[in-house]
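# Remarks on the overall topology
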Amino acid sequence: MLTSGGVEFAEGQYKFNAAGVNHGAFEWAGRLRDANRGDDHNVYMQVRVEGHDWVRYDGKQKRSVWMHHSNWDGAQRYTVNAYMRACRDRGSLRPDNCSPAQHFTNN
């Protein structure tokens, strides 16, 4: 469970695929939910793998959506470290708020 004001990511699942399977990707899934439907802000997930920037996956305002994605580094045969966080998009005048980043490792 990843939470921050107005956003929740629940039923989270993840796995590190072996080299040669789905690019050796960090594969993840879960339910992203707008936890404050009255604030008129969208929610999104961010995922980062070893040495790359955060990748954003938008949710749906005032709804809950199931997400299932894979992230990998094309220069490597497998992914070892990955990070995830759930965020609320508060617009251009206020900074977004995000859950603390959850670190996953495949050692």
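Residues numbered from 1 in each chain as written. Predicted model: local features only at pLDDT ≥ 70, side-chain atom pairs only at ≥ 80, totals over all residues. Heavy atoms only, no water.

Turning our attention to the side chain of Arg-88. Along the chain, the position of Arg-88 falls in strand β7 (residues 81-89). At a separation of 2.8 Å, a polar atom in the side chain of Arg-88 contacts the side chain of Asp-39. In this structure, Arg-88 is in contact with Gly-5, Gly-6, Val-7, Asn-36, Asp-39, His-41, Asn-42, Val-43, Tyr-44, Asp-96 and Asn-97, ignoring residues within four places of it in sequence. (Helix = DSSP H or I, 4+ residues; strand = E, 2+ residues; numbered from the N terminus. Polar contact = N/O pair within 3.5 Å; in protein donor to acceptor, adjacent residues only side chain to side chain. Contact = heavy atoms within 4.5 Å.)

With that settled, the discussion passes to the nonpolar core. Across soluble globular proteins, nonpolar side chains have a tendency to be buried as a group. Ranked by internal contacts, the top residues of the largest apolar core, which has 18 residues, are Phe-9, Phe-26, Trp-28, Leu-32, Met-45 and Met-84. Within the residue set of this core, elements represented by two or more residues are β2 (7-16), β3 (26-34), β4 (42-49), β6 (64-71) and β7. Of the residues forming this core, the biggest block, four residues, is contributed by β4. (Core = buried A, V, L, I, M, F, W, Y, C linked by side-chain atoms within 4.5 Å. Buried < 20%, exposed > 50% of the residue type's maximum accessible area, 1.4 Å probe, protein only.)

Here we come to the packing of aromatic side chains. Scanning the entire structure with this criterion turns up seven aromatic pairs. Seen in terms of ring centroids, Tyr-14 and Phe-26 are 5.9 Å apart; in terms of plane orientation they differ by 35°. Their pairing is tilted. Of this pair, Tyr-14 sits in strand β2 while Phe-26 sits in strand β3, and the two are 12 residues apart along the sequence. A relative accessible area of 0% places Phe-26 in the buried class. Arg-48 extends its terminal NZ or CZ atom over the ring of Trp-54, reaching a point 5.2 Å from the ring centre. We note Arg-56 situated over the ring of Tyr-44; from NZ or CZ to the ring centre the distance is 3.7 Å. (Phe/Tyr/Trp six-rings, centres within 6.5 Å; stacked < 30°, edge-to-face > 60°. Lys NZ or Arg CZ within 6 Å of the ring centre and 35° of its normal.)

The next thing to look at is the environment of Asn-81. Summarising the element assignment, Asn-81 is placed in strand β7. Beyond its immediate stretch of four places on either side in the chain, Asn-81 contacts Phe-16, Arg-48, Val-49, Glu-50, His-103, Phe-104 and Thr-105.

Okay, the confidence of the model for the protein next. Residues at a pLDDT of 70 or more form 100% of the protein, whose mean pLDDT is 92. When mean pLDDT is compared element by element in the protein, β3 scores highest at 97, while strand β1 (residues 2-4) scores lowest at 94. (pLDDT = per-residue confidence, 0-100.)

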